Amino acid sequence: MKNNKLTTLAASALLATTTSVSAADVEVLHWWTSGGEAASVNYLKGKLSDAGVGWTDFAVAGGGGENAMTVLKSRAISGNPPTAAQIKGPSIQEWGDLGFLADIDGVAKQNNWDELLPAVVADVMKHEGKYVAAPVNVHRVNWMWSNPEVFRAAGATIPTTWDDFMVQAKKLQDAGYVALAHGGQPWQDATVFEAVVLGVGGADYYNKAFVEMDMDALNSDTTVEVFETFGNLRQFIDANAPGRDWNVATSMVIEGQAGMQIMGDWAKGEFKVAGKNVGTDFVCSAAPGTSGAHTFNVDSFAFFAQGTTAGTGAQNIMAAEILGTDFQTVFNLNKGSIPARLGVSRAEFDTCAHDSMDAFVASSSSGSLVPSFAHGMALPSAVAGAVVDSATNFFNSDQSAEEGAAQLVASMAAAM
Ligand code: GAL
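These figures come from a predicted structure and were not determined experimentally.

What counts, and where the lines are drawn
Residues numbered from 1 in each chain as written. Predicted model: local features only at pLDDT ≥ 70, side-chain atom pairs only at ≥ 80, totals over all residues. Heavy atoms only, no water. Helix = DSSP H or I, 4+ residues; strand = E, 2+ residues; numbered from the N terminus. Rg over C-alpha atoms; globule rule 2.2 N^0.38 Å. Contact = heavy atoms within 4.5 Å. Areas by Shrake-Rupley, 256 points an atom, 1.4 Å probe, with all protein chains shown as cover. Lys, Arg positive; Asp, Glu negative; His and termini not counted. Charge placed at Lys NZ, Arg CZ, Asp CG, Glu CD. Domains from an automatic or database assignment. Salt bridge = Lys/Arg side-chain N within 4 Å of Asp/Glu carboxyl O. Polar contact = N/O pair within 3.5 Å; in protein donor to acceptor, adjacent residues only side chain to side chain. Near = heavy atom within 4 Å. 1 Å grid on protein atoms, 1.4 Å probe; cavity = no way out; pocket = protein on both sides within 12 Å on 5 of 7 lines; lining within 4 Å. Sits in = over half its atoms within 2 Å of the grid points. Nonpolar A, V, L, I, M, F, W, Y, C, P; charged D, E, K, R; others polar. Axes fitted to C-alpha atoms, helices over the stretch in contact; angles between N-to-C directions. Parallel < 35°, antiparallel > 145°, perpendicular 65-115°, else oblique. Left-handed = near helix turned anticlockwise from the far one by under 90°. Points joined across faces, edges and corners; volume = space filled by probe spheres on them.

**Q** Can you lay out the overall build of the chain for me, pointing to particular residues and giving the numbers?
**A** Within the chain one finds 19 helices and 14 strands. Taking 416 residues into account, the globule formula puts the C-alpha radius of gyration at 22 Å, and the chain, at 23 Å, falls close to it. In the chain, 77% of the contacts between residues at least 6 apart in sequence involve partners at least 24 apart. Just so you have it, the chain exposes about 16600 Å², and 53% of that area is on carbon and sulfur atoms. Distance from the positive charge centre (23 side chains) to the negative charge centre (44 side chains) of the chain: 9 Å.

**Q** Go over the domain arrangement of the chain, please, and point to the residues and values.
**A** How big an interface is tends to be stated in terms of accessible area lost as the parts join. Split into domains, the chain comes out as domain 1 (19–58 + 83–138 + 297–356) and domain 2 (140–296 + 365–415). Listed per partner, the contact involves 23 residues of domain 1 and 28 residues of domain 2. Scanning the region where domain 1 abuts domain 2 turns up two salt bridges. Across the pair Lys268 and Asp350 runs a salt bridge whose closest N-O atoms are separated by 3.0 Å. At the surface where domain 1 touches domain 2, the tally comes to seven residue pairs in polar contact (both at pLDDT 80 or more). When residues of the side of domain 1 that touches domain 2 are traced back to their parent elements, those giving at least two are α2 (35–50), α4 (90–97), α16 (325–335) and α17 (351–366).

**Q** Please set out the site of the ligand residue by residue, giving values where relevant.
**A** Taken together, 14 residues are adjacent to the ligand, and Glu37, Lys88, Asp299, Lys335 and His375 come closest. In this structure, Trp31 approaches the ligand through a side-chain N or O atom, which is 3.2 Å from an oxygen atom. Between the ligand and Gly64, the relevant distance is 3.2 Å, taken from an oxygen atom to a main-chain nitrogen or oxygen of the residue. Among the cavities detected, the one that contains the ligand is the largest cavity. Class assignment for the residues of the shell around the ligand results in five nonpolar, five polar and four charged. No fewer than three residues from each of domain 1 (19–58 + 83–138 + 297–356) and domain 2 (140–296 + 365–415) sit in the shell around the ligand.

**Q** How would you explain the packing of helix α18 (residues 381–395) against helix α19 (residues 401–415) if you had to name every residue and give the values?
**A** One way to put it is that α18 packs onto α19 with a least axis distance of 8 Å and a crossing angle of 160 degrees. In terms of orientation, α18 lies roughly antiparallel with respect to α19. Once α18 is placed against α19, the crossing between them reads as right-handed. For the pair α18 and α19, the contacting residues are Ala382, Val383, Ala386, Val387, Ser390, Asn393 and Phe394 in the first and Ala401, Gly404, Gln407, Leu408, Ser411, Met412 and Ala415 in the second.

**Q** Summarise empty space enclosed by the protein; cite the residues concerned and give the values.
**A** One pass over the structure, following the stated rule, counts one cavity of 30 Å³ or more. Considering only enclosed or pocket space, the largest cavity measures out at about 100 Å³ in volume. Its residues assigned to classes, the lining of the largest cavity shows five nonpolar, six polar and four charged. Residues lining the lining of the largest cavity come from more than one domain, with at least three contributed by each of domain 1 (19–58 + 83–138 + 297–356) and domain 2 (140–296 + 365–415).

Next comes the structure, spelled out in structure tokens:
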């Protein structure tokens, strides 16, 4: 009897210890499971561990994060949200409006986030004027990754316009290469579509049609032209593209089976993990027709209300670590992106990152800095979903450009 009592007491003491330890840990939802992504997230984990905060990994595989967002919704609805989740753009506002988020305004004020963050980044991190999320990076989405050896072997040159893309891609194909490495998943189709929108339509059209949802811009001939160019890309991907993960497509470029991939600069993380060097082993260039423009995609962790002091304390530590110069440097060297905050030295970054940094600054004064709709930065989530579905339906069918444009406009209007 006595022994039993002791066992019970010991068990409850153990429970108490375990509970208080886990309360000071963070459980973090993300979808960073590729080589470069995992290296990045591991760095954050290490930083928190140095600061005395444990990490429970809540990784939901699936590039672009659609699976992760589905799982997050079911966890939140059942009253059990994680400590922090990779949520971006207007979705942060949507979660804030539902009352799920905790503010980290105290940490933000203490560390002068308003001065450290460009306004275009800071605005997205706030809900009703208070910081509820911390930005880890700025990805540039309108990139093209090429294997120079494949181009040499095929006698082709890296295209800078969509017209020339068709000519050079044909050369790669005739020489036996896959011209465009692609994974047939909706978000990847949308990523390529977005590059075509910017390259063919320009930044003004992009903003009017895919940020402001202006019906005149959407109903214009430009939208048909966009679909024509997008449709012309169908011939340059291989038969095994359906369902392929984006990092597998990147490895086709790394290994010299394919010439090019159109993908955000998280792809650079894969070249890095494979030990490849920019310039010699791979080349980064703006997606055709988009040189100087910058389609931005800011990754950020939003914090969910916890209801315990220890939980809030761990969130504050995480938020403060994320904005540190050391974190922003190493994380982004691994991730392929550039720091979200000002005041981080450029010295350790490569030429692709410098190009992204320069384009970010120059495009913000020229008006060609645009939020990525394929990566949840531009549109309410229902409308963004309609755009992704329309792009992927078109790309995987034999719809004409006119049909593609009409379907896009109708489904966007229905989702507004
Ligand atoms: C993006 C995300 C990037 C990258 C990519 C592929 O939406 O912003 O950080 O991880 O998906 O998974």
